[in-house]
Amino acid sequence: MNRVRNTKLILWLITGFAAAIALNRFIFGLGVTTNLTDRTPWGLWIGFDVMGGVALAAGGFVITAIFYMMKREEFHPLVKPAVLTAFLGYVAVVLSLLVDLGLPWNIWHMIIFWNPHSPLFEVGWCVMLYTTVLLLEFSPVPLESFSRYARIRNFLMKFRFVFVLLGIMLSTLHQSSLGSLFLIMPFKVYPLWYSYILPIQFFISAVALGLMMVAFESLVSHWLFKRKPETDLVAKLCKTAVWVLATYFLVKMIDIIAEGKFGLIFNGSWESNLFIVEVLISTIIPAMMFAVPKFAGKSKVQWIGSFMVIFGVVLNRIDVGGLTMLWATGGSYTPLWTEIFISLGIVSFAALVFLFAIEHFHVWDLQPKEPDALPHTLPSFDYSSKTWLGTPDVSGLTKYSLAFVISFAVGMFLMPGKHLHSKGIENFKVTHASGFDTLYVNGNRDDQLVKFPHEAHIAWLRTHKNPLVGDGNFNNMLSMGTDSCSACHHLSIPGEKLSNCSECHTRMYTQVDFFNHNWHTSSDGAKLRCDDCHKPGMNRSAQSAKHCTSCHTTYKFAINKKSSVENYYILSYTDALHKLCVSCHMKESKIVKDKPNLALCSTCHKTQLPENLTAGLNWKISLPHFNNVILPDVKPEIADKDKK
Amino acid sequence: MSKGILTDVTKCIGCLKCVSACKETHHLEADEPRIWQKNDGLSAENWTSIIRKENNRYVRKQCRHCLEPACASVCPVGAMHKTKIGAVVYDSSKCLGCRYCMMACPFGIPRYEWDKAVPYVEKCILCYDRIKEGEQPACTTVCPQQATIFGERSELLKIAHKRIKENPGKYINKVWGEHEVGGTSVLYLSDIDLGFLSYPTKLGNEPLPEKTATAMESVPFAFVGMGGIMLGLNWIIRRRMENSKEQNKPNRFINKKKEPADE
């Protein structure tokens, strides 16, 4: 039975891969393992896994309603697999919720902290209760194999009708409440999808999807185990679905026309095209296909039609769940490959459990007939020859576990934390100031430059009696005569030239390590041995090293004697430049009146880039995301520590 | 007793003192631009921001503290709630991390700590701890231009209308936040359109939680109703099957569609 084996192998591979990604998601957080943003806080996991998953599991309540409530006993062969699928569907929903929630370990809070106004509260409770009910509904099937649990099984069988009734009632609630989730967002959901009767639309489409899901699942599992498909039963489901789909279509269209949104369908925007495609796939085409009596009984038509409804309705859930909000939020969201694989992995896991149950328990009225389909005879140990008399099934198990482990390892390999972390703009590199007589400072490349008249500043320093005299440091610097470069540049540091600020303050917003260890040890640099600085016998750390001033005696840079690691860090570019300019101009403004108001950012940050400077420079690497952002003055730790 | 903030856009000089005061008060860390942020300057580490507009206009963005907040209405565990004093506050110990509040907020205010393994929702809480003790929020204390002021919401509204009256032509004749989504505690006076503070669709004056109220109120009826329909259907079909058995016509109803009760 190669078909089943190969399918299982693929499912195990995907599950292993997804398990590795899920592990990384819990270690590194959502930001780096998904494409979710503040604009689009809900993504694929909510749109497909949760919204779509609940809808896909609708088969359970639809078929039990038909079988137990309406007494259509010919559907018996479809009931048990459909209930099993529904149960696994809900398990998958809960699993994906656990991945998607920021604080999944708090999921039980819904039991004790109540907020009955919230549709999500209701959905949460219904999902919890319904999953339990489904478990109780289905558990007689596996319990059949264990005679010692016969009592429990009998007890459960007695109340089966109650469970089924409860299941239908709960499903009605949360299938529709998934629509209520979006009632509060009229400003976000595109008008074609937003409706006051979203809950009703969701419920009707869930019934249609439920019917088609039962049909599709019967077709798939029969293909997989090479059995004769239950074409007649499926045809009946398809014919019923025509009525449900027609109702869904009418309700939707009447609502759209009544709200005066009909024109939106054909206005040519991508949303309108999406709407047309969705309605065609989910309702019109399959309903028309099934409505022809000749077609409904054909296996191929059943395959295509049921798949179209499933695809279409799940697309509808994804559309309402976020895809059609992009026009309002202005963001763009494509799921990251990690998100897609976790979704696939959860589905694969559920499929594996489904196959396990089919092979081991009495889910089908007719068990798979091929001997290979029941490969759970364990190898027996032969004492005379002292060997295991193996069966092909063991090699299968080995293969599966190997597949899982290997794909898990591949998954871990593809998710190195370092790579993920760099996704945020950390270590934002600074561009040098450019220009000659006038410098253009565009460190953060947002094209809101600061025009800095360098020559004018030099001239001013040379000619004016500096009002800053009095401050010890500046006094010192000005004693250098007409050359007052040191008023701004750190000329007190040995070997210091007139270097760009950006040479040391290399990062825009973060502090930078100032001490260059490599240079001190290299043969081109200071040619020092380890013991020259680090005390022998101690760990070679910054603490055990000699203080800079013990060699650099002329080093007047502000390093106090209580040196710690932080002292090796220097200010970020923004802070360095702001402090340099603002501190000077502030003091000056007390003496000279009518000076630019430095409290206004735009006093400095408003210059347009001169065209002759644009050519050949990398300034145009502006980041469109952050054009409007004004970043606050970042307070580096070092400043706080110095204060203390 | 409901407090609020009035921000006068014409007075703001964009000095960002409110932003740094906020960061200091709430011990927010320095942040770097990350790709999951919106371009309005708000983030998990920035609860208020200044949006720069043309002609040296600066608009402070912060939580609006709606009178009937959507975020509080949708939170399944009630981690968000509107206090009597006016602030909408967040209880991180209850939070599940479902991010429904972020989806439901008509102004797109709540932000998430996407880079943390234990992430929380972050937003302005109107310095709840400070105003409980009779102090002002940090941002309004430091504003050098009195562009953003704190007080009783009703009094702030009076001040706003007075300013519009006394300076004809200076402002757009509207107090942002007076009526939208049922009113907000944070109000704006402006000479430029502030539509960019919310989504492109007009918000309307109806409080957003009312939109789900009808659906949520009909939940018990739907629950009982569906149970009733199912039981009724079951009873009718069973009776008809029994009748047909008596008449020795087995399976008479089995291959037919469900029919309305015509008995």
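Criteria and cut-off values
- Residues numbered from 1 in each chain as written.
- Chains lettered and ligands numbered in written order.
- Predicted model: local features only at pLDDT ≥ 70, side-chain atom pairs only at ≥ 80, totals over all residues.
- Helix = DSSP H or I, 4+ residues; strand = E, 2+ residues; numbered from the N terminus.
- Rg over C-alpha atoms; globule rule 2.2 N^0.38 Å.
- Buried ≥ 20, exposed ≤ 12 C-beta atoms within 10 Å, placed from the backbone.
- Contact = placed C-beta atoms within 7 Å.
- Pairing = 2+ DSSP bridges.
- Axes fitted to C-alpha atoms, helices over the stretch in contact; angles between N-to-C directions.
- Expected span 1.5 Å × (residues − 1).
- Nonpolar A, V, L, I, M, F, W, Y, C, P; charged D, E, K, R; others polar.
- pLDDT = per-residue confidence, 0-100.
- Parallel < 35°, antiparallel > 145°, perpendicular 65-115°, else oblique.
- Core = buried A, V, L, I, M, F, W, Y, C linked by C-beta atoms within 7 Å.

With that settled, the discussion passes to the overall build of chain B. Across its full length, chain B carries 8 helices and 9 strands. Taken against the 2.2 N^0.38 rule, which gives 18 Å for 263 residues, the C-alpha radius of gyration of chain B at 27 Å runs more than 25% over that of a compact globule. Seen through its C-alpha atoms, chain B measures out along the principal axes to roughly 95 × 45 × 35 Å. The buried share among the 263 residues of chain B stands at 46%. Residue pairs in contact within chain B that sit at least 24 positions apart in sequence constitute 60% of those at least 6 positions apart.

Turning next to the overall build of chain A. Looking only at helices and strands, chain A has 29 helices and 8 strands in total. Taken over 644 residues, chain A has a buried fraction of 37%.

Residues and elements named next belong to chain B. Strand order in this open sheet of 3 strands is β8-β1-β9, and the pairing throughout is mixed. Looking at which strands have only one partner, the edges of the open sheet turn out to be β8 (148-152) and β9 (186-189). Pairwise comparison of adjacent strand axes, ignoring direction, gives a mean angle of 25° for this sheet.

Right, let's get into helix α1 (residues 2-28) of chain A. Relative to the 39 Å expected for 27 residues at 1.5 Å per residue, α1 of chain A spans 39 Å between its end C-alpha atoms, a close match to the ideal helical length. Of the residues flanking the end of α1 of chain A, it is glycine 29 of chain A, one or two places downstream, whose phi is positive at about 90°.

The subject of this paragraph is unusual backbone geometry. Trans is the common state for peptide bonds, and a negative phi is the common state for residues other than glycine. A positive phi angle, close to 60°, is found at lysine 71 of chain A, a residue other than glycine. Among the secondary structure elements, lysine 71 of chain A is positioned in the loop between α4 (59-69) and α5 (76-100). By the C-beta count within 10 Å, which is 17 here, lysine 71 of chain A ends up partly exposed. In this structure, histidine 65 of chain B takes a positive phi of about 50° despite not being glycine. Inspection of the secondary structure assignment puts histidine 65 of chain B in the loop between β3 (57-61) and α2 (70-74).

With 74 residues of chain B at the contact, the number on the chain A side is 72 residues. Elements with a minimum of two residues in the side of chain B that touches chain A: α1 (17-25), β2 (49-53), α2, α3 (100-104), β6 (111-112), α7 (209-217) and α8 (219-246) of chain B. Take the side of chain B that touches chain A: its biggest share by element is 12 residues, from α8 of chain B. Looking at the side of chain B that touches chain A residue by residue, the classes come out as 45 nonpolar, 15 polar and 14 charged.

Here we take up the confidence of the model for chain B. Residue and element names in this part refer to chain B. Within chain B, residue pLDDT values average 86, and 92% of them lie at 70 or more. Low pLDDT, under 50, characterises residues 257-263; the predicted model gives this stretch 3 contacts beyond four residues in sequence or across chains. Confidence metrics for the complex model read pTM 0.74 and ipTM 0.87.

Residues and elements named next belong to chain A. Close contact between α5 and helix α11 (residues 198-224) brings their axes to 10 Å; oriented N to C, the two are set at 105°. Accordingly, the angle class assigned to the pair α5 and α11 is roughly perpendicular. The segment α5 lies against α11, with Leu78, Pro81, Ala82 and Thr85 engaging Val214, Glu217, Ser218 and Ser221. Partitioned by chemical class, the residues of the contact of α5 with α11 number 4 nonpolar, 3 polar and 1 charged.

Moving on, we come to the confidence of the model for chain A. When pLDDT is low, close inspection of the predicted coordinates is not appropriate. Residues and elements named next belong to chain A. Chain-level statistics for chain A give a pLDDT mean of 77 and a share of 73% at 70 or above. Confidence drops under pLDDT 50 across residues 556-567; counting only partners more than four residues distant or on other chains, this segment forms 12 contacts. Low pLDDT, under 50, characterises residues 611-644; the stretch is placed with 62 contacts to residues that sit more than four places away or in other chains.

Residues and elements named next belong to chain A. Sheet topology note: the strand β3 (residues 434-435)/strand β4 (residues 438-441) ladder contains 2 bridges and is antiparallel. By the bridge assignment for β4, serine 434 is matched with tyrosine 440. Where β4 meets strand β5 (residues 449-453), 4 bridges bridge the pair, whose relative direction is antiparallel. Of the residues in β5, the one forming a bridge with leucine 439 is phenylalanine 452.

This paragraph deals with the nonpolar core. Residue and element names in this part refer to chain A. By size, the foremost hydrophobic cluster in this structure holds 189 residues, and its most contacted members are Ala208, Leu209 and Ala241. When neighbours within four sequence positions are excluded, alanine 208 is seen to be in contact with Ala241, Val244, Leu245, Tyr248, Val309 and Val313. Membership of the second largest hydrophobic core comes to 7 residues, among which are Val430, Val441, Leu449 and Cys501.

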